[in-house]
Amino acid sequence: MRLHAETAGDGDETVVLLHGMTGAAESWWRITDLLAERGLRVVALDLPGHGRSPRSPTMTVLDAAAAVAGTLDVLGVRPVATLGHSFGGLVLTAAVATGRLDAGITVCVDAPFRTRGGYDRAEVQAEYEAERDSRTEDRLRAEKPHYGERDCQVEARAASRFDPVTAAAIAAGPGGTWPPRPGSIVVRADPSHFVDDATAAALTASGVDVRSIPGAAHSVWYSHFDAFVATLPEVFDR
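No experiment lies behind these values; they were computed from the predicted model shown. (Residues numbered from 1 in each chain as written. Predicted model: local features only at pLDDT ≥ 70, side-chain atom pairs only at ≥ 80, totals over all residues. Heavy atoms only, no water.)

## What about the UniProt feature "domain: AB hydrolase-1" (unreviewed entry) in the protein chain?
Phase 1: Mapped onto the present numbering, the UniProt feature "domain: AB hydrolase-1" (unreviewed entry) falls on residues 15-230.
Phase 2: In residues 15-230, helix accounts for 45% and strand for 18%; the two terminal C-alpha atoms are 17 Å from one another. (UniProt positions renumbered as here; feature names shortened; annotations may be inferred. Helix = DSSP H or I, 4+ residues; strand = E, 2+ residues; numbered from the N terminus.)

## Considerations on the packing of aromatic side chains
Phase 1: Tallied over the full model, the rule gives 6 aromatic pairs.
Phase 2: Measuring from ring centre to ring centre gives 5.4 Å for Trp221 and Tyr222, while their planes differ by 50 degrees; the resulting arrangement is tilted. Neither residue differs from the other here; Trp221 and Tyr222 are each classed as buried.
Phase 3: Clustering of aromatic rings is evident, with ring pairs tying together Trp28, Tyr147, Trp221, Tyr222, Phe228 and Phe236.
Phase 4: Directly above the aromatic system of Phe225 lies the positively charged group of Arg30, at a separation of 3.9 Å from the ring centroid.
Phase 5: Looking at Arg116, its charged tip hangs above the ring of Tyr119, at a distance of 3.7 Å from the centre. (Phe/Tyr/Trp six-rings, centres within 6.5 Å; stacked < 30°, edge-to-face > 60°. Buried < 20%, exposed > 50% of the residue type's maximum accessible area, 1.4 Å probe, protein only. Lys NZ or Arg CZ within 6 Å of the ring centre and 35° of its normal.)

## Side note on the packing of helix α4 (residues 121-134) against helix α7 (residues 164-172)
Phase 1: Remark: α4 packs on α7, axes separated minimally by 8 Å, with the N-to-C direction vectors making an angle of 140 degrees. Comparing the axis directions of α4 and α7 gives the class oblique. Seen along the crossing, α4 lies across α7 with a hand that is right-handed. Taken together, the residues of α7 that come into contact with α4 (itself represented by Arg121, Val124, Gln125, Tyr128, Glu129 and Arg132) are Pro164, Val165, Ala167, Ala168, Ala169, Ala171 and Ala172.
Phase 2: Of the residues that constitute the contact of α4 with α7, the class distribution is 9 nonpolar, 1 polar and 3 charged. (Axes fitted to C-alpha atoms, helices over the stretch in contact; angles between N-to-C directions. Parallel < 35°, antiparallel > 145°, perpendicular 65-115°, else oblique. Left-handed = near helix turned anticlockwise from the far one by under 90°. Contact = heavy atoms within 4.5 Å. Nonpolar A, V, L, I, M, F, W, Y, C, P; charged D, E, K, R; others polar.)

This is the structure we're talking about:
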């Protein structure tokens, strides 16, 4: 599967960005602009079932990981760093753990590292349909006070292009656990639903560099942009 890619900048080094569930490449717009301004090339992908990328009623996490790796191969991209948010972080660690991707500096942003799989397909598809339909600009303005006006527009547009069938296939498919490798970086909101204190401690003990941003939202760079940038000098201050 060839994924849709949004590119910016013309530097010699490339940073790859993978968005979260219901998002799109455009979700990274502020990060993309900053990286390009600082002399880096940026490749942000629409994951399967999102944005302008293909849909699949049989998609799995490993299929998504293979699609990311295959698309970057076709584009000739060898990233110096790859950032994956939430579901994008899970896809990233799966791609690295299975040897599909040399991600450079691996950064997981408030991401889960396992999925139990086996969810009821019809139930979870209905939940995703409801979530898609609820993410209008007006609802986002009301429920996400940390979003700016463009953030609301971007996320509403991403939701309108989100395919619940593909997402439900992933949830109903096989589960798996793909923890980040030692030397990876995890940036988490604090508190975090996906990376709680116990998980953070276990990751640290395994050699993962866990960095916390107190009070941040799940989409950390939306609520705490400056803190997020300052937390990752390896990426933003190359």
